[in-house]
Amino acid sequence: MNKEARLKASINQKLTETGERDRLKELLRAKLTECGWKDQMKAQCKEVIKEKGLEHVTVEDLVVEVTPKGRALVPDSVKKELLQRIRGFLSQHAS
Amino acid sequence: MKMEEKPLSGPDNTRLEALMQDIYSELVEDACLGLCFEVHRAVKQGYFFLDETDQDSIKEFEIVDQPGVDIFGQVFNQWKNKECECPNCKRLIAASRFAPHLEKCLGMGRNSSRIANRRLASNNNISKSESDQEDNDDLNDNDWSYGAEKKSKKRKSDKNQNSPRRSKSLKHKNGELGTSISSDPYKQYNYNAGISYESLAPNEVRSLLTTQCGVISEHTKKMCTRSHRCPQHTDDQRRAIRLFLLGPSVPTLPDVDGDGFDVPDSQAVLSRLQWEDSPDISPADSASSKASGNHSDSRRPKKKKKPAVAAVALSMSGGGGGVNLMGVSGAVSQSTISLSTKKKKPKAAAAAAPSVSTEARQVRY
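Being a predicted model, the structure only gives us computed values, none of them experimental. (Residues numbered from 1 in each chain as written. Chains lettered and ligands numbered in written order. Predicted model: local features only at pLDDT ≥ 70, side-chain atom pairs only at ≥ 80, totals over all residues. Heavy atoms only, no water.)

A. Molecular detail of the overall build of chain A. For chain A, the count of helices and strands is 5 helices and 0 strands. The secondary structure elements of chain A, listed N-terminal to C-terminal, are α-α-α-α-α. Looking at chain A alone, contacts between residues at least 24 apart form 72% of all its contacts between residues at least 6 apart. By element, 48% of the accessible surface of chain A is carried by carbon and sulfur atoms, the whole surface being about 5800 Å². (Helix = DSSP H or I, 4+ residues; strand = E, 2+ residues; numbered from the N terminus. Contact = heavy atoms within 4.5 Å. Areas by Shrake-Rupley, 256 points an atom, 1.4 Å probe, with all protein chains shown as cover.)

What follows is the structure in structure tokens.
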């Protein structure tokens, strides 16, 4: 267990240090906007807002309502591509 | 370890796969959170719903697709035949002519000042030539005081140079003629920069032609008031004009060689020539001998044209001579000579005979 934790920590560190994490983030964001995921999510947010009222909606509301849907709505292609990249990184840097 | 893209082998595999999934879900959650923050901010700042229009507005601004009407529903030629009332003159003007009419009516805009100047100049032509003698005499009396001289100078330039009165002023006021000639450049600032040769006496024509280019423009039928070296007209044109206006016996431009020697001039003219040459030439000697040589040539035709004007010529040489020289010599010498002539001008007017004759000696080589 320790080993896993240590492994995870070291991988995370490497991700950040090499800048791969940011690159992956940007890649994901671009892909999601491109495939329309962002607009779908915005529509979801609108519904939450109309439900809760424009004046009183909080970040928590949105997060709680929207994130699970968001995770589910990610297209498979995007998911696969991202996983591939992570795997590549791991195979390069895993000791 | 081997570098492979495919699932890794061994017990590490599951661990790494799990790690992979962890990293992935972390990234996705990050994206979702980012979106939530963005939306929340947009809601709080009030720009979240900006891309949506309400139904009423949509109906109001719908694209129109009827014939004879543009997409906004406006008719094309609606105001073509309408008439508008001018706020200034209260007349009804056609819509397409309204803007130019306003320009003239209100006295603003680019062309209105030009037209007004033109009208003024032509009015002056007509009215000034009929002005009272008394008025002019009053002006004459004010000659010797400095301030009044300024005024009279101005009036001279305002007064039409073409009027028959001018011959009178030529005889009366020696000192002033120089100023009147030098105020010729004033004419250039008029919009109406030209003289109509028909209204001039032959004296005046001759005098004008000696100082100015004089080529008659086809459009306006007026003589060009620029110097002899004016770039718009060639020497041939100038010669032709002189021929036309003064008759074939009179030689043309001052820069024509050899003409001066054929002139059957009296001694008086020659002596006058001496007087004239000196104030201009002596400083010019240092500038260029060619200029002074030509200068003496140029003097003679000029003198022929105005035999009556003796003392006047002295002062004229200061102003007019400089102008002639410009037609003759090159640019460099021109500037130096004109400078020197300008310096000489006041001296020339008051020049004593002895100084003149001594300088005259320098001229004749």
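B. Up close: the overall build of chain B. A tally of regular secondary structure across chain B gives 16 helices and 4 strands. Taking all 365 residues of chain B together, 39% fall into the buried category. Counting only contacts in chain B whose residues sit at least 6 apart along the sequence, the fraction spanning at least 24 positions is 53%. Accessible area of chain B: about 22100 Å², with a carbon and sulfur share of 54%. (Buried < 20%, exposed > 50% of the residue type's maximum accessible area, 1.4 Å probe, protein only.)

C. Local environment of the interface of chain B and chain A. Counting from both sides, the interface comprises 35 residues of chain B and, opposite them, 45 residues of chain A. With both chains or domains summed, chain B and chain A bury close to 3700 Å², and 74% of this area falls on carbon and sulfur atoms. At the boundary of chain B and chain A, one finds 7 salt bridges. Close ionic contact of R21(A) with E26(B) constitutes a salt bridge, the shortest N to O distance being 3.4 Å. (Buried area = accessible area lost by both parts, 1.4 Å probe. Salt bridge = Lys/Arg side-chain N within 4 Å of Asp/Glu carboxyl O.)

D. Structural detail: helix α4 (residues 59–73) of chain A. Residues and elements named next belong to chain A. Spanning 15 residues, α4 covers 20 Å between terminal C-alpha atoms, matching the ideal 21 Å at 1.5 Å per step. Of all the bends in α4, the greatest, near 35 degrees, is centred on V66, and the proline P68 appears no more than four residues after it. Looking at α4, one finds that the buried residues are L62, V63, V66, T67 and G70. (Expected span 1.5 Å × (residues − 1). Bend = angle between axes of the 7 residues up to and from the residue.)

E. Summary view of the packing of aromatic side chains. Taken as a whole, this structure holds 1 aromatic pair over all chains when the rule is applied. Centroid distance F48(B) to F49(B): 5.1 Å. Interplanar angle 70 degrees. Geometry classified as edge-to-face. On the basis of relative accessibility, which here comes to 8%, the residue F48(B) falls in the buried class. Looking at K46(A), its charged tip hangs above the ring of F48(B), at a distance of 5.9 Å from the centre. (Phe/Tyr/Trp six-rings, centres within 6.5 Å; stacked < 30°, edge-to-face > 60°. Lys NZ or Arg CZ within 6 Å of the ring centre and 35° of its normal.)

F. Geometry of helix α10 (residues 202–211) of chain B. In terms of burial, α10(B) is largely enclosed, as 7 of its 10 residues are buried. Looking at α10(B), one finds that the buried residues are E204(B), V205(B), S207(B), L208(B), L209(B), T210(B) and T211(B).

G. Summary view of the UniProt feature "zinc finger region: SGF11-type" (unreviewed entry) in chain B. Under the UniProt annotation, "zinc finger region: SGF11-type" (unreviewed entry) lies at residues 84–105 of chain B. Taken end to end, residues 84–105 of chain B is 36% helix and 23% strand, and its two terminal C-alpha atoms sit 14 Å from one another. (UniProt positions renumbered as here; feature names shortened; annotations may be inferred.)

H. The pattern of salt bridges, seen in detail. Throughout the structure, instances matching the rule amount to 12 salt bridges over all chains. Two residues, R15(B) and E4(A), come together in a salt bridge whose shortest N-O distance is 4.0 Å. Taken together, the residues span two chains, with R15(B) in helix α1 (residues 11–45) and E4(A) in helix α1 (residues 2–18). A network of salt bridges, in which partner residues are shared, links E20(A), R23(A) and R85(A).

I. Up close: unusual backbone geometry. Residues and elements named next belong to chain B. One non-glycine residue, K90, adopts positive backbone phi at about 60 degrees. Note on placement: K90 falls in the loop between β1 (83–85) and β2 (92–94). Positive phi values are uncommon outside glycine, yet K221 reaches one of about 55 degrees. Looking at where K221 falls in the secondary structure, it is placed in the loop between α10 and β4 (222–224).

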